[in-house]
Amino acid sequence: MKYEELDFFEFFESEPTYLFEKEAGICSYSYEKDNFKIGVSLSCYEDYMSIFISYKESSVYSGEIRNIEEIRKFDTDILKVITDRNWIFLKKWPNIGIDFDERLE
């Protein structure tokens with residue numbers, strides 16, 4: 001999986017939290033705004049991420065994305081996750097959310 005740590009830092013506006021030692025390649029990020037929270041756990045070596053979105057501590061969305069080829073910043077407030085079949089957009093503005101699109105290329 002190809003990604004830049006700086007893209008995650010800028011999107012989540014924070015440093016990662018490592019679940020084990022940093023070399024294990026499993027980290028988590030989160031961002032909160034107006035009682036909404038988006039968080040991801042990223043496994044760099046297994047090419048997957050878990051995503052959760054909540055509102056006032058109640059779950060709105062929870063899921064895993066597998067077979068990730070690349071994650072990159074689409075613009076300031078959007079991360080684009082590219083898999084073998086989909087483009088997934090994690091958004092933090094104007095609202096926290098997630099969009100799935102079928103990959104066209």
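For the structure itself, consult the block above.
Residues numbered from 1 in each chain as written. Predicted model: local features only at pLDDT ≥ 70, side-chain atom pairs only at ≥ 80, totals over all residues. Heavy atoms only, no water.

**What about the overall build of the chain?**
1) Next: Counting secondary structure elements, the chain contains one helix and ten strands.
2) Next: The linear arrangement of helices and strands in the chain, starting from the amino end, is β-α-β-β-β-β-β-β-β-β-β.
3) Next: Computed over its C-alpha atoms, the radius of gyration of the chain comes to 13 Å, within 12% of the 13 Å expected for a compact globule of 105 residues.
4) Next: Once the C-alpha set of the chain is aligned to its principal axes, its extents read approximately 35 × 30 × 25 Å.
5) Next: When contacts within the chain are restricted to residue pairs at least 6 apart in sequence, long-range pairs at least 24 apart make up 28% of them. (Helix = DSSP H or I, 4+ residues; strand = E, 2+ residues; numbered from the N terminus. Rg over C-alpha atoms; globule rule 2.2 N^0.38 Å. Contact = heavy atoms within 4.5 Å.)

**Details of the sheet that holds strand 7 (residues 68-75)**
1) Next: Taken together, the five strands give an open sheet; going across it, the order is 1-7-8-9-10, and neighbouring strands pair in mixed fashion. Unpaired on one side and paired on the other, strand 1 (2-3) and strand 10 (97-102) mark the two borders of the sheet. (Pairing = 2+ DSSP bridges.)

**Section: the sheet that holds strand 2 (residues 17-18)**
1) Next: Spatial strand order, 2-3-4-5-6: five strands in an open sheet with antiparallel pairing. The two strands at the open ends of the sheet, each matched to only one other strand, are strand 2 and strand 6 (58-65).
2) Next: Across the face of the sheet, helix 1 (residues 5-12) comes into contact with strand 2, strand 3 (26-33), strand 4 (36-43) and strand 5 (48-55) while running at roughly 25 degrees to strand 3. (Axes fitted to C-alpha atoms, helices over the stretch in contact; angles between N-to-C directions.)

**What about the nonpolar core?**
1) Next: One finds Phe8, Phe12, Val40, Met49, Ile51, Ile71 and Leu90 to be the most contacted residues of the largest nonpolar core, which totals 22 residues.
2) Next: Within the residue set of this core, elements represented by two or more residues are helix 1, strand 3, strand 4, strand 5, strand 7, strand 8 (78-83) and strand 9 (86-91).
3) Next: The contact partners of Ile71, leaving out residues within four places of it in the chain, are Met1, Lys2, Tyr3, Glu4, Asp7, Phe8, Leu42, Met49, Leu79, Lys80 and Val81. (Core = buried A, V, L, I, M, F, W, Y, C linked by side-chain atoms within 4.5 Å. Buried < 20%, exposed > 50% of the residue type's maximum accessible area, 1.4 Å probe, protein only.)

**What to know about the environment of Tyr29**
1) Next: Tracing the chain through its elements places Tyr29 in strand 3.
2) Next: Distance from Tyr29 to Pro16, taken between C-alpha atoms, is 5.2 Å for residues 13 residues apart in sequence.
3) Next: Apart from residues lying up to four places away in sequence, Tyr29 is in contact with Glu5, Phe8, Phe9, Phe12, Ser14, Glu15, Pro16, Ile38, Gly39 and Val40.

**Considering the packing of aromatic side chains**
1) Next: On inspection of all chains with the given rule, the structure shows eight aromatic pairs.
2) Next: Feature note: the residues Tyr3, Phe8, Phe11, Phe12 and Tyr29 constitute an aromatic cluster, connected by ring pairs.
3) Next: When the ring centre of Tyr31 is taken as reference, the NZ or CZ atom of Lys92 above it lies at 4.7 Å. (Phe/Tyr/Trp six-rings, centres within 6.5 Å; stacked < 30°, edge-to-face > 60°. Lys NZ or Arg CZ within 6 Å of the ring centre and 35° of its normal.)

**A short note on the side chain of Ser28**
1) Next: Checked against the element boundaries, Ser28 lands in strand 3.
2) Next: Residue classification places Ser28 among the buried positions, given a relative accessible area of 18%.
3) Next: Once residues lying within four places of it in the same chain are set aside, the contact partners of Ser28 are Pro16, Thr17, Leu19, Val40 and Ser41.

**Section: unusual backbone geometry**
1) Next: Between Trp93 and the following residue, Pro94, the backbone shows a cis peptide bond with an omega angle of 5 degrees.
2) Next: With respect to the helices and strands, the residue Pro94 is situated in the loop between strand 9 and strand 10.
3) Next: With a phi angle near 50 degrees, Asp34 is a residue other than glycine that sits in the positive phi range.
4) Next: If you trace the backbone, Asp34 turns up in the loop between strand 3 and strand 4.

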